[in-house]
Amino acid sequence: MRTGSIPLDGLAGGLDLATTIESGQTYLWTRDDGETYATAPAPDAWYSTVVDGDVVRARRRDDAIEWESTTDADSLLHELLRLDDDLPAIRDAAADDPLVADAYERHAGMRIVDDPFFGCLVSFICSAQMRVERIFEMQASLREAYGESVTADGRTYRATPTPDALAAATEADLRELGLGYRAPYVKRSAELVASGDLTESDVRRDDLEAARDALKGFVGVGDKVADCVALFSLGHLDAVPLDTWIQSAIEEHYPDCARDSYAETSRAIRERFGPNAGYTQTYVFHHLRTGA
DNA sequence: CTCCAGGGAGCCT
DNA sequence: AGGCTCCATGGA
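Rules behind the numbers
Residues numbered from 1 in each chain as written. Chains lettered and ligands numbered in written order. Predicted model: local features only at pLDDT ≥ 70, side-chain atom pairs only at ≥ 80, totals over all residues. Heavy atoms only, no water. Phe/Tyr/Trp six-rings, centres within 6.5 Å; stacked < 30°, edge-to-face > 60°. Helix = DSSP H or I, 4+ residues; strand = E, 2+ residues; numbered from the N terminus. Buried < 20%, exposed > 50% of the residue type's maximum accessible area, 1.4 Å probe, protein only. Lys NZ or Arg CZ within 6 Å of the ring centre and 35° of its normal. Domains from an automatic or database assignment. Buried area = accessible area lost by both parts, 1.4 Å probe. Pairing = 2+ DSSP bridges. Salt bridge = Lys/Arg side-chain N within 4 Å of Asp/Glu carboxyl O. Contact = heavy atoms within 4.5 Å.

Chemist: How should I be thinking about the packing of aromatic side chains in this particular structure?
Modeler: Between two aromatic rings, the relevant description is the distance of the centres plus the angle of the planes. According to the stated counting rule, one finds 8 aromatic pairs in the structure shown. When the ring of Tyr104 is compared with that of Tyr283, the centres are 4.2 Å apart and the planes differ by 20°; the resulting orientation is stacked. Note that Tyr104 is positioned in helix 4 (residues 98-106) and Tyr283 in helix 15 (residues 277-289), a separation of 179 residues in sequence. With respect to burial, Tyr104 and Tyr283 carry one shared label: buried. Look at Tyr181 and Tyr185: their rings are 6.2 Å apart centre to centre, the planes differ by 70°, and that puts the pair in the edge-to-face class. The class of Tyr181 is partly exposed, set by a relative accessible area of 40%. Members of the aromatic cluster, joined through ring pairs, are Tyr27, Phe124, Phe136 and Phe232. Across the ring face of Trp46, the terminal group of Arg57 is positioned such that the distance to the ring centre comes to 4.6 Å. The cationic tip of Arg182 hangs over the ring face of Tyr181; the distance from NZ or CZ to the ring centre is 4.2 Å.

Right, here's the structure in full:
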């Protein structure tokens, strides 16, 4: 495999690789130790993923991100981990309140990811009423059962299942992987993509609310999941997924932003969090969920 | 045992 | 549009 290194001091705000990958934004990476993300990673733990048939491995090594890949992964990593985002500028422009300041400070270096679309879509369809640790397990199970194998340097990696593969699976097959009532959602949404009836290009809109409405055409995708896909795969950094953690945070810390409908609460909290509100949401979510 | 987890579909008014 | 009810599964 090819290798390379990305110096952290060349990135505005650096990069906390482990937190970025394990904070519940992306479920498409595998930690080398095979743990289920329930345990803390080693400081220099390797993470791997497969993108368009290429294996990408990355870990923190001293003051750089070291990578190995079947392709030149430098630009790919910049894309997947949004390494060009200026974290200090994003933080400075964010809302100035104790919760937000604490979240940014405690998890400095965490970045929003830019996941490949279909894997992100399936991940967050599966996320409904699920703990983060189990979402990781479910995506690993889907890769193991339906992902294409890619071998590099004698090791085998599993790609994200294709729409065709998941559309061909039976609902019973998917239920056996522990997907529960999400099984038919995954299958039907995979069918929509595989048939071309609703695809990534249909949901790539410049406006967040237009993208969200289009995303809700998938099965198992409502307002919250649509916002997650918009934020973690379509580059809508203003998207603020209103999950249970953020909703209770709004009740406790921003009660004036609480509205009757998702759409109105979303608008209010986006205005409160300021530019790149999705970044702030992700920091606050991780901060609250990890009990920091 | 009960309760909860990064919600959404289906059906009702 | 807005309000129910039900939905699988595993861990606490």
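That covers the picture; the talk isn't over yet.
Chemist: Honestly, the domain arrangement of chain A in this entry has me stumped. Any pointers?
Modeler: How big an interface is tends to be expressed through the accessible area that disappears when the partners come together. Domains assigned within chain A are domain 1 (2-84), domain 2 (96-112 + 236-292) and domain 3 (117-223). Spacing between the C-alpha centres of domain 1 and domain 2 amounts to 25 Å. Overall, the association of domain 1 and domain 2 removes approximately 980 Å² of surface from exposure, summing both partners, and the carbon and sulfur fraction of that is 46%. Interface area lost by domain 1 to domain 2 is led by Ser23, Gln25 and Arg82, which between them contribute 48%.

Chemist: How do you make sense of the pairing of strand 3 (residues 47-51) when you look at a structure like this?
Modeler: When a strand is regular, its side chains alternate between the sheet's two faces. Burial within strand 3 is extensive, with 5 of its 5 residues counted as buried. Here strand 3 shows two buried faces, one formed by Tyr47, Thr49 and Val51 and the other by Ser48 and Val50. In this sheet, strand 3 lies alongside strand 2 (residues 30-31) in antiparallel orientation, the contact comprising 2 bridges. If you follow Arg31 over to strand 3, its bridge partner there is Tyr47. Bridge count between strand 3 and strand 4 (residues 54-61): 5 bridges; the pairing is antiparallel. Opposite Tyr47, over in strand 4, you have Ala58 as the bridge partner. Hairpin connection from strand 3 to strand 4: 2 residues lie between these consecutive antiparallel strands, with Asp52 at a positive phi of about 50°.

Chemist: I tried to follow the pattern of salt bridges on my own but got confused; where do I start?
Modeler: A side chain of one charge can pair with a side chain of the opposite charge if their charged atoms are brought near each other. Taken as a whole and judged by the stated rule, the model has 22 salt bridges. Residue Glu68 pairs with Arg57 through a salt bridge whose shortest N-O separation is 3.0 Å. Of this pair, Glu68 sits in strand 5 (residues 64-69) while Arg57 is found in strand 4, placing the two residues 11 residues apart along the sequence. Note on Glu68: relative accessible area 21%, which makes it partly exposed. Assessed through its relative accessible area of 5%, Arg57 is described here as buried.

Chemist: How should I be thinking about the environment of Ala239 in this particular structure?
Modeler: With respect to the helices and strands, Ala239 occurs in the loop between helix 12 (223-232) and helix 13 (244-253). In this structure Ala239 comes out as buried when scored by relative accessible area, which is 0%. For the pair Ala239 and Asp227, spaced 12 residues apart in sequence, the C-alpha separation works out to 5.6 Å. With near-sequence residues (within four places) excluded, Ala239 lies in contact with Leu208, Asp227, Ala230, Leu231, Ala277 and Gly278.

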